[in-house]
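Structural features, examined
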Amino acid sequence: MESENGSGELMTEWVESTTGLERVVEVGLRVAPTVASVATAAVDIAQVIGSTPEAPVRIVGIGVEGNRVVVTLAITIGTTSDITSGAATARMAVGLVARLVECLAHYDPAFTALPDPDSVDALIGSRVDEQPGTLARAMCVLAGQA
């Protein structure tokens, strides 16, 4: 049923423009080392991420909350069909989430929403994700140690 203002046509156009696109599920995981442990945390985070180069994980946010530097990671679990079928890539991604939580346990890992892409935290995170060698530097700067 179409309304008088043509919103039915707009909805139809939008649905047609998304044909062929699949939704992808991402899990946000934040780790929040204290200011005193940022240097060690940066090494640990980089090591876990680097140990599985084929894994669908990226840094999407870095910021400060109180006396902690918060690093937000996005782990791509897969498309909805990958997840419902139990595809190997989805199972690998879930295993990665478990490994991240276990390996980074002393930095208070927690599931979280992904930051707004226009936020300062997301901007810093995207720059660091593009240049992984800058993670420690960015974390130390935010902790006031640079």
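Residues numbered from 1 in each chain as written. Predicted model: local features only at pLDDT ≥ 70, side-chain atom pairs only at ≥ 80, totals over all residues. Heavy atoms only, no water.

Now for the overall build of the chain. Check the secondary structure of the chain and you find six helices and four strands. The helix and strand sequence of the chain, counted from the amino end, reads α-β-α-β-β-α-α-β-α-α. The contacts of the chain with a sequence gap of at least 6 include a subset with a gap of at least 24, amounting to 72%. Here the chain displays about 8700 Å² of accessible surface, and carbon together with sulfur accounts for 57% of that area. (Helix = DSSP H or I, 4+ residues; strand = E, 2+ residues; numbered from the N terminus. Contact = heavy atoms within 4.5 Å. Areas by Shrake-Rupley, 256 points an atom, 1.4 Å probe, with all protein chains shown as cover.)

What follows is about the sheet that holds strand 1 (residues 24–31). With respect to topology, four strands assemble into an open sheet ordered 2-3-1-4, the strand pairing being antiparallel. At either end of the open sheet lies a strand with only one pairing partner, and these are strand 2 (57–65) and strand 4 (110–112). The sheet shows a mean angle of 30° between the axes of neighbouring strands, direction not considered. Where strand 1 and strand 3 (residues 68–79) come together, eight bridges link them in antiparallel fashion. (Pairing = 2+ DSSP bridges. Axes fitted to C-alpha atoms, helices over the stretch in contact; angles between N-to-C directions.)

As a general feature of sheets, a regular strand has side chains that alternate between the two faces. Bridge count between strand 2 and strand 3: eight bridges; the pairing is antiparallel. Within strand 3, the residue paired with Val57 across the bridge is Ile75. The antiparallel hairpin formed by strand 2 and strand 3 contains two residues in its connecting segment, where Gly66 sits at a positive phi of about 60°.

On to helix 6 (residues 135–142), then. Buried within helix 6 are the following residues: Leu135, Ala138, Met139 and Cys140. With its phi angle positive at about 80°, Gly144 sits one or two positions after the end of helix 6. (Buried < 20%, exposed > 50% of the residue type's maximum accessible area, 1.4 Å probe, protein only.)

With respect to the helices, strands and loops of the structure, Val71 is situated in strand 3. Of the residues examined, Val71 reaches a relative accessible area of 0% and is grouped as buried. Taking the C-alpha atoms as reference points, Val71 and Gly125, 54 residues apart in sequence, are found 7.9 Å from one another. In contact with Val71, other than residues within four places in its own chain, are Leu29, Arg30, Val31, Ile45, Ile59, Gly61, Ile62 and Met139.

Ranked by internal contacts, the top residues of the largest apolar core, which has 30 residues, are Val71, Ile75, Leu100, Leu135 and Met139. Listing elements by their share of this core, those giving two or more residues are strand 1, helix 2 (38–50), strand 2, strand 3, helix 4 (88–103) and helix 6. If sequence neighbours within four positions are ignored, Met139 has contacts with Pro33, Val38, Ala41, Ala42, Ile45, Val69 and Val71. (Core = buried A, V, L, I, M, F, W, Y, C linked by side-chain atoms within 4.5 Å.)

So, about the pattern of salt bridges. Under the criterion given, the structure shown has two salt bridges. Arg58 is the salt-bridge partner of Glu26, the closest N and O atoms lying 2.4 Å from each other. Of this pair, Glu26 sits in strand 1 while Arg58 sits in strand 2; the two residues are 32 residues apart in sequence, bridging distant segments of the chain. Taking the relative accessible area as the measure of exposure, Glu26 reaches 30% and is therefore partly exposed. Taking relative accessible area as the criterion, Arg58 reaches 31% and is therefore assigned partly exposed. (Salt bridge = Lys/Arg side-chain N within 4 Å of Asp/Glu carboxyl O.)

This paragraph deals with helix 2. Helix length check: helix 2 (13 residues) gives 18 Å between terminal C-alpha atoms against 18 Å at 1.5 Å per residue, within 8%. Among all positions in helix 2, only Val38, Ala41, Ala42, Asp44, Ile45 and Val48 are buried. Buried positions in helix 2, seen along its axis, are confined to an arc of 165° and lie on one side of it. Residues of helix 2 that are exposed and point over 90 degrees away from its buried face: Val43 and Gln47. Buried residues along helix 2 sit against strand 1, strand 3, helix 4 and helix 6. (Expected span 1.5 Å × (residues − 1). Arc of directions from axis to C-beta.)

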